[in-house]
Amino acid sequence: MYAQLVETGSKKIRALDEMAPQERDFQQRIDGGIKIEAKDWMPDGYRKTLVRQISQHAHSEIVGQLPEGNWVTRAPSLKRKSILLAKIQDEAGHGLYLYSAAETLGVSRDALLGDLHSGKAKYSSIFNYPTLSWADMGAIGWLVDGSAIINQIPLCRCSYGPYARAMVRVCKEESFHARQGYDIMMALCNGTPEQKQMAQDAVNRWWWPSLMMFGPSDAESINSAQSAAWRIKLFSNDELRQKMVDQTVPQAHFLGLTVPDPDLTFNEATGHHEYGIIDWTEFNNILKGNGPCNRDRLRTRVKAYEDGAWFRDALVAHADKQAARRAATDPAA
Ligand code: FAQ
């Protein structure tokens with residue numbers, strides 16, 4: 001696994017009686033369902049894990065704007081264009097709440113963005129695939145935002161207060177995103193045979209990457225055990241992936257689309273859809289920066305940041321001017 005290898009200070013999960021008193025109190029608060037707030041004492045590893053996850057999440061939201069941004073000028077109607085634009089703007093907002101949540105942990109936004117731009121920080125693997133047709137807007141909303149919701153609803157109850165609270169609004173907006181995606185798929189599947197084929201082609205390309213979004217299998221997930229103990233993760237990667245498959249397969253059937261997995265079967269005994277083997281080589285290649293769009297995504301983000309320098313400078317100049325004016329009129333201020 002190609003991980004940033006954040007040192008959490010705990011090679012194995014320690015029992016309460018192995019912890020120092022301060023850490024034991026902290027763990028007992030978490031076990032008791034009490035939220036941890038920014039100014040509370042926390043183990044260094046807890047802070048680092050949250051900075052890692054929340055910043056990756058924030059980066060995913062803003063890099064995640066790019067595949068859809070590609071289709072704003074090509075949306076098939078004014079209505080579809082407005083909806084897509086609103087959705088993409090929501091993703092920017094999600095990035096901002098999440099960077100703010102990460103900042104409560106004592107890290108600067110500039111440092112986080114620096115890590116994204118240098119290629120050091122990760123963002124979700126899913127945003128390194130190209131968007132080849134309008135149907136991809138439907139598939140992203142339905143499958144990608146749908147998966148994001150399944151992953152993020154439990155985060156509304158995670159142990160860190162600022163992250164949990166940010167997730168409440170994010171999840172409400174993601175629900176609208178998933179519905180707009182499904183609505184696009186419905187329109188295409190009820191359209192001409194060519195439109196339905198376009199929808200099928202999009203599902204063929206987005207299905208497996210959507211399953212990969214949930215992260216490596218539980219056996220390979222290096223961070224899960226500690227994150228579960230700290231109640232940052234309430235469900236494992238595989239549990240959430242299974243939820244997504246169980247929820248989505250009937251929706252695909254309703255659309256009259258085929259899930260591109262010849263091994264997919266419904267297990268009557270367990271009530272779950274069993275899926276085929278995920279190509280983890282593809283996933284790991286993307287994490288190493290070698291997906292179809294990794295380089296392009298980073299280049300675009302860096303350029304957008306550089307192009308926006310004048311605006312950030314203007315904001316600072318404006319704030320300085322306001323402060324100077326206040327100081328001149330009220331020397332006590
Ligand atoms: N892509 O030990 P684990 C969205 C990394 S938002 C890239 O299992 P963990 C909205 C992982 O970071 C989508 N890297 O890690 C939207 C770790 O490496 P590290 C983003 C991945 O953290 C829709 C290593 O593999 N959502 O879609 C991925 O316990 C449409 C080992 O993995 C979030 O970020 C991946 N898919 O569990 C926006 C949700 N999976 O850091 C625009 C919050 C794993 O040690 C348009 N995050 N890795 O170097 C999480 O829930 C967790 O971080 C997981 C990974 C579940 C993603």
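Note that this is a predicted model, so its numbers are computed, not measured.

Trainee: Provide a residue-level description of the overall build of the chain, including the pertinent values.
Mentor: Looking only at helices and strands, the chain features 13 helices and two strands. Relative to its length of 333 residues, the chain is compact, with a C-alpha radius of gyration of 22 Å against a globular reference of 20 Å. Referenced to the eigenvectors of the C-alpha coordinate spread, the extents of the chain come out at roughly 70 × 55 × 35 Å. Taking all 333 residues of the chain together, the buried fraction comes to 46%. Restricting to contacts in the chain with at least 6 residues of sequence separation, those with at least 24 account for 77%.

Trainee: Which residues make up the side chain of Arg-80, and what are the values?
Mentor: As for its placement among the helices and strands, Arg-80 is situated in helix 4 (residues 78-103). Judged by its relative accessible area of 16%, Arg-80 falls in the buried class. Arg-80 has contacts with Ala-75, Trp-134, Gln-180, Asp-183, Ile-184 and Ala-187, leaving out every residue within four places of it along the chain.

Trainee: Can you break down the pattern of salt bridges residue by residue, with the values?
Mentor: Going through the model one piece at a time under the given rule, you end up with 16 salt bridges. Between Arg-14 and Glu-23 there is a salt bridge, and its shortest N-O distance comes to 3.1 Å. What makes Arg-14 partly exposed here is its relative accessible area of 31%. Assessed through its relative accessible area of 15%, Glu-23 is described here as buried. A salt bridge links Asp-136 to Arg-205, with the shortest nitrogen-to-oxygen separation between them at 2.6 Å. Of the two residues, Asp-136 is situated in helix 6 (residues 135-152) and Arg-205 in helix 8 (residues 193-212); the sequence distance between them amounts to 69 residues. On the basis of relative accessibility, which here comes to 0%, the residue Asp-136 falls in the buried class.

Trainee: Requested: an account of helix 10 (residues 237-255), with residues and values cited.
Mentor: In this model helix 10 runs 27 Å from its N-terminal to its C-terminal C-alpha over 19 residues, within 8% of the 27 Å that 1.5 Å per residue would give. Within the sequence span of helix 10, burial applies to Asn-237, Leu-240, Arg-241, Gln-242, Met-244, Val-245, Asp-246, Thr-248, Val-249, Ala-252 and Leu-255. Of the surrounding elements, those touching the buried residues of helix 10 are helix 6, helix 7 (161-189), helix 8, helix 9 (224-229), strand 2 (272-274) and helix 11 (280-287). Backbone geometry just after helix 10 places Gly-256 at a positive phi near 80°.

Trainee: For the packing of aromatic side chains, give the residues involved together with the corresponding values.
Mentor: Ring pairs (aromatic) are described by centroid distance and by the angle formed between their planes. As enumerated under the stated definition, the model contains eight aromatic pairs in all. Pairing Trp-142 with Tyr-182 gives two aromatic rings, centres 5.6 Å apart and planes at 65°, and the pair type is edge-to-face. Of the two residues, Trp-142 sits in helix 6 while Tyr-182 sits in helix 7, which places them 40 residues apart along the sequence. Given a relative accessible area of 17%, Tyr-182 falls into the buried group. A cation over a ring is seen here: Lys-243 above Phe-235, with NZ or CZ 4.1 Å from the ring centre. The positively charged end of Arg-312 is found above the aromatic ring belonging to Tyr-305, 3.7 Å away from the centroid.

Trainee: Please give an account of the confidence of the model for the chain that cites residues and values.
Mentor: Averaged over every residue, the pLDDT of the chain is 95; the share at 70 or more is 96%. In the model, residues 1-5 has pLDDT below 50 throughout and makes 15 contacts with residues more than four positions away in sequence or in other chains.

Trainee: Outline the side chain of Glu-174, listing residues and values.
Mentor: By the secondary structure assignment, Glu-174 is in helix 7. Those residues in contact with Glu-174 that lie beyond four places of it in its chain are Glu-61, Glu-91, His-94, Asp-145, Ala-148, Ile-149 and Gln-152.

Trainee: Can you tell me about helix 8, naming the residues and giving the values?
Mentor: Helical periodicity: at 3.6 residues per turn, an α-helix aligns residues three or four positions apart in one direction. Given a rise of 1.5 Å per residue, 20 residues ought to cover 28 Å, and the 30 Å separating the end C-alpha atoms of helix 8 matches this to within 8%. The axis of helix 8 is deflected most strongly, by about 35°, at Trp-206, and proline Pro-209 appears within four residues downstream. Within the sequence span of helix 8, burial applies to Ala-199, Gln-200, Ala-202, Val-203, Trp-206, Trp-207, Trp-208, Pro-209, Ser-210, Leu-211 and Met-212. Against the buried residues of helix 8 lie helix 6, helix 7, helix 10 and helix 11.

Trainee: Go over the packing of helix 4 against helix 5 (residues 109-118), please, and point to the residues and values.
Mentor: Orientation of helix 4 relative to helix 5, taken along the N-to-C sense of each, is 115°, at an axis distance of 9 Å. On the side of helix 4, the interface is formed by Leu-96, Tyr-99, Ser-100, Ala-102 and Glu-103, while helix 5 contributes Arg-109, Leu-112, Leu-113 and Leu-116. Here the contact of helix 4 with helix 5 is composed, by residue class, of six nonpolar, one polar and two charged.

Trainee: Tell me about a nonpolar patch on the surface, and please be specific about residues and values.
Mentor: A surface patch of nonpolar side chains, amounting to about 380 Å² of accessible area, comprises Trp-310, Phe-311 and Leu-315. With respect to the helices and strands, Phe-311 occurs in helix 13 (residues 309-329). Residue classification places Phe-311 among the partly exposed positions, given a relative accessible area of 46%.

What counts, and at which threshold
Residues numbered from 1 in each chain as written. Predicted model: local features only at pLDDT ≥ 70, side-chain atom pairs only at ≥ 80, totals over all residues. Heavy atoms only, no water. Helix = DSSP H or I, 4+ residues; strand = E, 2+ residues; numbered from the N terminus. Rg over C-alpha atoms; globule rule 2.2 N^0.38 Å. Buried < 20%, exposed > 50% of the residue type's maximum accessible area, 1.4 Å probe, protein only. Contact = heavy atoms within 4.5 Å. Salt bridge = Lys/Arg side-chain N within 4 Å of Asp/Glu carboxyl O. Expected span 1.5 Å × (residues − 1). Phe/Tyr/Trp six-rings, centres within 6.5 Å; stacked < 30°, edge-to-face > 60°. Lys NZ or Arg CZ within 6 Å of the ring centre and 35° of its normal. pLDDT = per-residue confidence, 0-100. Bend = angle between axes of the 7 residues up to and from the residue. Axes fitted to C-alpha atoms, helices over the stretch in contact; angles between N-to-C directions. Nonpolar A, V, L, I, M, F, W, Y, C, P; charged D, E, K, R; others polar. Patch = residues over 30% accessible without salt bridge, like charges linked within 9 Å, V, L, I, M, F, W, Y side chains within 5 Å. Areas by Shrake-Rupley, 256 points an atom, 1.4 Å probe, with all protein chains shown as cover.

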